[in-house]
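Analysis of the macromolecular model
Here are the chains, one letter per residue:
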Amino acid sequence: MTFKFFIQTYLIKCLISFFFQPTHLLIPKFVQVSLVENFCQKQLLFLIMWSVSSNQFKEVIIIGNGPSAILLSFMLDGNWPYYDPIEPHPNEELHCRLTSFLDYELKEGDENDESLGDDKNVNIWNKSLVQSDLAYLCSGLTGRSLNPVSILFDTLQHPDADFGSNLSSTLTWKHHVKKKIDHLVIGQGVPGGAWATMSNSNDILTISLKKWMQLPGLNEDFDQRANNRVTLNKMAKYYHGYVEQQGLSKYFKNKSIVSKIKYNEEKGLWEVIGCQKDAGYFQYITPNVVLATGIYEIPNRLEVKGEDLPFVIKTSKEYEKLLNSDLINNITDPIMIVGAGLRAADAIILARSKRIPVVHVFRKHPNDPSHVFNHLSEKTYPEYFKVFQKMKSKIQSSGYKAYSMHAVSHIDERQQVVLQSLSLSNFGSSQTIIKVSFVVTLIGMKPNLDFIQPQELRDSLVYRPGQPINNQNNLIKIDPYTHQCVGVKGLYAIGPLVGDNFVRFVQGGALAILSHIWKKNLLK
């Protein structure tokens, strides 16, 4: 062991202790005083970056490896979006805003920037959206996202998409080697997040059209099916392949679980601790953490007696395993499916495709305008339209029975389910007992953010502090133009955690985060 190595190792312990356990410094007291009094935060951060190996310090750590994390990694790798005014955006006001900050000429020093490639030989629109005033560009735009930068990016990537337009994207991408930001993406499985768990779903189609599901730089020519929708397993393979084809694999730490992140407010750094399968414990230090976990980790519960019995299934993945097993070969009693969302509809479609009888239980009236099916056209989503017609008893089927305005009251070991009527005329008095083979509860899921410490910080991140996070009325509260969590420096959120449930919208969140981190780095 060299003397230099010994000193560096000792300094690592001292500096980590200084940042995260300042009352237990390993450095002699007279040196402690000198450090505290004479070194500013930036100097200490520089020492950490010099002393700690690159495997321990990362400029950005992304927790989760779904589409939002994948695209953010793509952008952090130096891939920046630019507005291309050659084919002006149909929104003339937006076009004027975009062109008002663009620079036709190369910036000083760009002629020596090899990362520009052939672009340095021609006049280019060289100001990226990353460098722009996103709040200014977002002004006046409306769309199907809660987040303005998500609307901006989607407006540029898919012009007038919600009006049936098939216009090409108004964005171009340039790769800048010198603008790469070192980062790490930590995910529980292989790249793709929740999509990776759908790799065996050969029969279920995506809700979004294929052109809205794809990421920049890789346009896959999927088979033409059902109005350009794609099977879930093909999209799972697409996202996994995207990471490899874009050269991002070096940033991904797969099959890993983050057990704890802790923020040192005084020093402005996060400590990220976890474990990787077959590799063991890991620990990183970073000024920026991005929450990209999605919301599909913990199934919502019915909160009734018997819901933990072995014949009660709570996820689509478990349900698909059941349908592909020998257990269904001799089913005589129906499968009870609880829920009124798209996953419940998928479960009904799969069961009926195998001629399995279905009992469908849901709380709402069939004509309730809040049903998600009311927003889906018959032409684009014929299979969901058919299920909805069955729910409203407009289509009769010998293998399907709907119990609208009912709730599960009790499940017993004899595989009997007690239903309670929720209609005003029968509320509290009418019960129905049904013998079933299995119960499938598909009533939504929620994220697991227990790794955020302390609990007070975790509870404060949402709009209703202390209440469980959900994607309907209690999302993580962020700055709309940076996606940084309100009141928490260096913590960002993206995707379903902030209400962007569709791939076409998560891309704007990635732009907002990259723009903010890049501008912060400029100030350093």
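Definitions and cut-offs
- Residues numbered from 1 in each chain as written.
- Predicted model: local features only at pLDDT ≥ 70, side-chain atom pairs only at ≥ 80, totals over all residues.
- Heavy atoms only, no water.
- Helix = DSSP H or I, 4+ residues; strand = E, 2+ residues; numbered from the N terminus.
- Buried < 20%, exposed > 50% of the residue type's maximum accessible area, 1.4 Å probe, protein only.
- Contact = heavy atoms within 4.5 Å.
- Areas by Shrake-Rupley, 256 points an atom, 1.4 Å probe, with all protein chains shown as cover.
- 1 Å grid on protein atoms, 1.4 Å probe; cavity = no way out; pocket = protein on both sides within 12 Å on 5 of 7 lines; lining within 4 Å.
- Points joined across faces, edges and corners; volume = space filled by probe spheres on them.
- Nonpolar A, V, L, I, M, F, W, Y, C, P; charged D, E, K, R; others polar.
- Pairing = 2+ DSSP bridges.
- Axes fitted to C-alpha atoms, helices over the stretch in contact; angles between N-to-C directions.
- Salt bridge = Lys/Arg side-chain N within 4 Å of Asp/Glu carboxyl O.
- pLDDT = per-residue confidence, 0-100.
- Parallel < 35°, antiparallel > 145°, perpendicular 65-115°, else oblique.
- Left-handed = near helix turned anticlockwise from the far one by under 90°.
- Core = buried A, V, L, I, M, F, W, Y, C linked by side-chain atoms within 4.5 Å.
- Arc of directions from axis to C-beta.
- Polar contact = N/O pair within 3.5 Å; in protein donor to acceptor, adjacent residues only side chain to side chain.
- Phe/Tyr/Trp six-rings, centres within 6.5 Å; stacked < 30°, edge-to-face > 60°.
- Lys NZ or Arg CZ within 6 Å of the ring centre and 35° of its normal.

A look at the overall build of the protein chain
When its secondary structure is counted, the protein chain shows 14 helices and 21 strands. Split into buried and exposed, the 524 residues of the protein chain put 51% on the buried side. Sequence-distant contacts, at least 24 apart, represent 65% of the contacts inside the protein chain between residues at least 6 apart. Accessible area for the protein chain stands at about 25,800 Å²; split by element, carbon and sulfur atoms hold 51% of it.

Digging into the layout of surface pockets
Rolling a probe over the atoms, with the probe sized like a water molecule, indicates the empty space that remains. Within this model, the second largest pocket holds a volume of roughly 460 Å³. Together, 23 residues line the second largest pocket, and His158, Lys211, Trp212, Gln214 and Asn219 are the ones closest to its centre. In terms of residue count, helix α8 (residues 210-213) provides more of the lining of the second largest pocket than any other element does, three residues in total. Residue composition of the lining of the second largest pocket, grouped by class: nine nonpolar, ten polar and four charged.

A look at the sheet that holds strand β14 (residues 400-404)
In a beta sheet, neighbouring strands pair by backbone hydrogen bonds and run either parallel or antiparallel. Reading across the sheet, the five strands line up as β11-β18-β12-β13-β14 and stay open at both edges, with parallel pairing between neighbours. Edge strands, defined here as strands with exactly one partner in the open sheet, are β11 (312-313) and β14. Sheet topology note: the β11/strand β18 (residues 438-441) ladder contains two bridges and is parallel. Paired with Val312 across the two strands is Val439, which belongs to β18. Here helix α12 (residues 382-391) sits on the sheet and contacts β13 (358-362) and β14; the angle it forms with β14, its principal contact strand, is near 65°.

Points about the pattern of salt bridges
One pass over the structure, following the stated rule, counts 13 salt bridges. Where Arg229 meets Glu383, a salt bridge forms, and the shortest distance between an N and an O atom there is 2.6 Å. In this pair, Arg229 is assigned in the loop between α8 and α9 (232-245) and Glu383 in helix α12, connecting sequence segments 154 residues apart. When the shortest N-O distance is used, the salt bridge between Asp450 and Arg458 registers 3.8 Å. The class of Asp450 is partly exposed, set by a relative accessible area of 48%. Classification of Arg458 as buried rests on a relative accessible area of 18%. A network of salt bridges, in which partner residues are shared, links Arg301, Glu303, Glu307, Asp308 and Lys314.

A few points about the pairing of strand β15 (residues 406-411)
Sheet topology places β15 next to strand β16 (residues 416-421); five bridges connect them, and they run antiparallel. Directly across from Ile411, in β16, lies its bridge partner Val417.

Considering the pairing of strand β2 (residues 79-83)
In terms of residue burial, β2 counts as a mostly covered element, since five of its five residues are buried. Here β2 shows no split at all, with Asn79, Pro81 and Tyr83 on one side and Trp80 and Tyr82 on the other all buried. Where β2 lies against strand β3 (residues 171-175), five bridges are found, and the strand directions are antiparallel. Residue pairing for β3: Asn79 is matched across the bridge by His175.

What to know about the confidence of the model for the protein chain
On average, residues of the protein chain score 83 in pLDDT, and 81% of them reach the 70 mark or higher. When the criterion is pLDDT under 50, residues 104-124 qualifies, and its contacts beyond four places in sequence or with other chains add up to 30 contacts.

What to know about the sheet that holds β15
The strand order across the open sheet built from three strands is β15-β16-β17, with neighbouring strands paired in antiparallel fashion. A single partner strand is all that each edge strand has here, and the edge strands are β15 and β17 (431-435). Shown here is a sheet whose adjacent strand axes are inclined to one another by a mean of 30°, direction ignored.

A few points about the packing of helix α4 (residues 67-76) against helix α14 (residues 503-523)
The contact between α4 and α14 brings their axes to 9 Å, and the two run at 40°. Judged by the inter-axis angle, α4 sits oblique to α14. Once α4 is placed against α14, the crossing between them reads as right-handed. In contact with Pro67, Ser68, Leu71, Leu72, Met75 and Leu76 of α4, α14 contributes Val503, Val506, Gln507, Ala510, Leu511, Ile513 and Leu514. Across the contact of α4 with α14, the residue classes break down as eleven nonpolar, two polar and no charged.

A look at the nonpolar core
If you look at the biggest cluster of nonpolar residues, it comprises 53 residues, and the most contacted ones within it are Ile62 and Tyr242. Looking at this core, the elements with two or more residues in it are β1 (60-63), α4, β2, α5 (92-100), α6 (134-138), α7 (148-157), α9 and α14. Ignoring any residue separated from it by four or fewer positions in sequence, one finds Tyr242 in contact with Ile70, Leu71, Phe74, Leu215, Pro216, Leu218 and Leu248. Within the second largest apolar cluster, 48 residues are counted, among which are Val312, Leu342, Ala344 and Phe388.

Things to note about α5
Burial in α5 covers these residues: Leu94, His95, Arg97 and Leu98. Down the axis of α5, the buried set is contained in an arc of 165°. They therefore lie on one face. Exposed and oriented more than 90 degrees from the buried face of α5 are Glu92 and Glu93. Next to the buried residues of α5 lie β2, α6 and α7. Two or three places before Glu93, at the start of α5, stands the capping residue Asn91, its side-chain oxygen 3.2 Å from that residue's backbone nitrogen.

A few points about the environment of Ser430
Tracing the backbone shows Ser430 in the loop between β16 and β17. In sequence terms Ser430 and Leu419 are eleven residues apart; their C-alpha atoms lie 8.5 Å from each other. The contact partners of Ser430, leaving out residues within four places of it in the chain, are Leu419, Gln420 and Ser421.

A look at the packing of aromatic side chains
Considering all chains together, one arrives at eleven aromatic pairs under this definition. For the ring pair Phe373 and Tyr384, a centre distance of 6.4 Å and an interplane angle of 55° mean the geometry is tilted. Residue Phe373 is located in the loop between β13 and α12, and its partner Tyr384 is located in helix α12; the two are separated by eleven residues in the primary sequence. Each member of the pair, Phe373 as well as Tyr384, carries the same accessibility label: buried. Each member of the aromatic cluster is reached from another via a ring pair, and the members are Phe74, Phe153, Trp173, Tyr238, Tyr239 and Tyr242. Over the aromatic face of Tyr82 sits the side chain of Lys174, whose NZ or CZ is 5.4 Å from the ring centroid.

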